[in-house]
Amino acid sequence: MSEPFDAVDVIRAKRDAGRLSTEQIDWVIDAYTRGAVAEEQMAALAMAVYLNGLDPQELSAWTAAMIASGRRLDFSPILRSPGNPDGKIATADKHSTGGVGDKITLPLAPLVAVYGIAVPQLSGRGLGHTGGTLDKLESIPGWRAQVGPERLLEILGSTGAVVCAAGADLAPADRKLYALRDVTGTVESIPLIASSIMSKKIAEGTDSLVLDVKVGTGAFMKTPERARELARTLVGLGEQAGVRTTALLTEMSVPLGRAVGNAVEVEEAVQVLAGGGPDDVVELTVALAREMLAASGMQEDPAEALADGRAMDVWRRMIRDQGGDPDAALPVARHEHVITAPTDGVLTRLDALAVGTASWRLGAGRARKEDAVQAGAGILLHAKPGERVRAGQALMSLRTEDPERFTRAEQVLEGSWEITQEARAADSAGVERRVILDRISAE
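Residues numbered from 1 in each chain as written. Predicted model: local features only at pLDDT ≥ 70, side-chain atom pairs only at ≥ 80, totals over all residues. Heavy atoms only, no water.

Looking at an unreviewed UniProt entry, one finds the protein named Thymidine phosphorylase and attributed to Rothia kristinae. Word for word, the UniProt comment on the protein under Subunit (unreviewed entry) is "Homodimer." (UniProt positions renumbered as here; feature names shortened; annotations may be inferred.)

Rendered as C-alpha cells:
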C-alpha cells in the first residue's frame, strides 16, 4: 500500500531542526513498528532527535504514538480509583531508571499493597551493570516471571501486588527503538529516554506513578541537572496522560544497600521486609511507598507495615502466587573471593559503576539479552563510605560459579574505592550519605 509520508522527508525535517507534525510522528512510529520504515532510516531519525531534540508537543505525540503501537492494560473489570463510589482499589506503579544494588521493587510492592492499593509492577531484566528485577526474583525456586492478563487481575484482586514481565504487545515500538538506540549512540537523548519509559508506564494503565530517577556514577544520569531535566520531562508526560506522577531524585554514586547481584539482593530485600536491612534501602523503600500512598489519597506511615510483619505476609503470598517458595533456600555461588583493606582508616569512596560492572563480570548480569545469568553470583559489601575499617578487614566478598571470572572483576574494581587515614577523614566517619536528593512534581 502507498504510504502517506516519505521517511527521508521526515528525517530531513528533523535533521534541519524542523518540527514534526503529529501526523508525521504517528506515521513514522507505526511504519517503523510494522517494518515499512527501515532500521537505517529510524537510526538516522533517532540521531536527528538526539541532536535537535523534540519540543513538548512533539514529545507528547511521540510518546502517544509509542503507546498506540500496542495494547493498553485495563484494570477496570475489578479495580476502581478512589473517586469511584462503587470501587475499592486504586492502582499505583513505580519505575526506577536503574542503578546498582537497586532491589527496592521487592520490598516496595508488597509494602504498598498492605494498604489496599494494587501494585502491578511490570519489570525487566538486567543489561550491563544495572540489575534486573526479574533476574533477582527468578533466583527464588519455582518463581515464574510470566503472568497472563487474567491471572494478573486475579492476583491483584486478592494479594494486591504482582511483579512480572511485560507482554510483548505492550508498546512494541519501544522494544524495537530501544534496541536500535543501544547500537547507534542515541541512548542519552532525554526525549527518547522519556518516551521509552513513559510509553510503557502509561500503557500499563495505573492511576498513579512514582519515578525513582537515579543520579551519580552508577546511574544513567551522571549529574543532578540532567536528572532533574529527565524527571521534569517524565512527570510532565505522565500528567498529560492523566496519570498522577511524581519523581524522587536519588543518589547512585555508591551502591544501594550491601548486596549486589540476584539471590543476594533477594536476601537483603527479605531482611527489609522482616524489619531490618540496610538503612539506605529502608529509607528509600519507605519514601517511595509514602509517595505511592499519597498519590492514592492516603497519609499512613508505611514504616509501620515493615516493623509489624504485614509487608512480609504480602510478600510471601506474592511469591507463592507466581509458583515460588518463599521458604526455600536461595542459591549461593560455589566460589568466593574476599577483598580486604590494606590499611586502617575510613572508607571514603566506593564507586557504584565499578561494583555493578564487577558483579556483571562475575555472572550476575548479561552483556546481551540472550545471555543467562547466575543466580548466586554477585558482591557483598562489608563496608560502605563513612565507615572505619582495619587492615586485613573484609571490604567485599565476590561470588561466582566460575572462579576464572574473579580476575576480570578485580580489574574493574581497582581504584574504585579509597581508604583515607583517620586523621584526615574525621569529617567523613559516621556522616550519613543523602539518599534522596530532590522531589519533582507537577505542582
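Read on, since the account is not over.
**A closer look at the pattern of salt bridges**
A complete count under the given rule lists 29 salt bridges for this structure. Asp 301 is the salt-bridge partner of Arg 290, the closest N and O atoms lying 3.0 Å from each other. Separated by 11 residues along the polypeptide, Arg 290 in helix 12 (residues 279–295) and Asp 301 in the loop between helix 12 and helix 13 (303–307) bring together distant segments of the chain. With a closest N to O distance of 3.7 Å, Asp 344 and Arg 390 form a salt bridge. Here the residue Asp 344 occupies a position in the loop between strand 7 (335–340) and strand 8 (345–350), and Arg 390 occupies one in the loop between strand 10 (388–389) and strand 11 (394–400), the gap between them amounting to 46 residues. Because the salt bridges share partners, they merge into one network encompassing Glu 3, Asp 30 and Arg 34. (Salt bridge = Lys/Arg side-chain N within 4 Å of Asp/Glu carboxyl O. Helix = DSSP H or I, 4+ residues; strand = E, 2+ residues; numbered from the N terminus.)

**Description of the side chain of Asp 351**
Positionally, Asp 351 belongs in the loop between strand 8 and helix 15 (352–364). Nearest to the buried, unbridged Asp 351 among oppositely charged side chains is Arg 349, at 5.2 Å. A polar atom in the side chain of Asp 351 sits 2.8 Å from the side chain of Thr 217. (Buried < 20%, exposed > 50% of the residue type's maximum accessible area, 1.4 Å probe, protein only. Lys, Arg positive; Asp, Glu negative; His and termini not counted. Polar contact = N/O pair within 3.5 Å; in protein donor to acceptor, adjacent residues only side chain to side chain.)

**Some thoughts on the sheet that holds strand 8**
Read from one edge of the open sheet, three strands run 10-8-12, paired in antiparallel fashion. Single-partner strands in this sheet number two, and they are strand 10 and strand 12 (417–420). Pairing of strand 8 with strand 10, which is carried by two bridges, proceeds in the antiparallel orientation. When the bridges of strand 10 are listed, Gly 345 appears paired with Val 389. (Pairing = 2+ DSSP bridges.)

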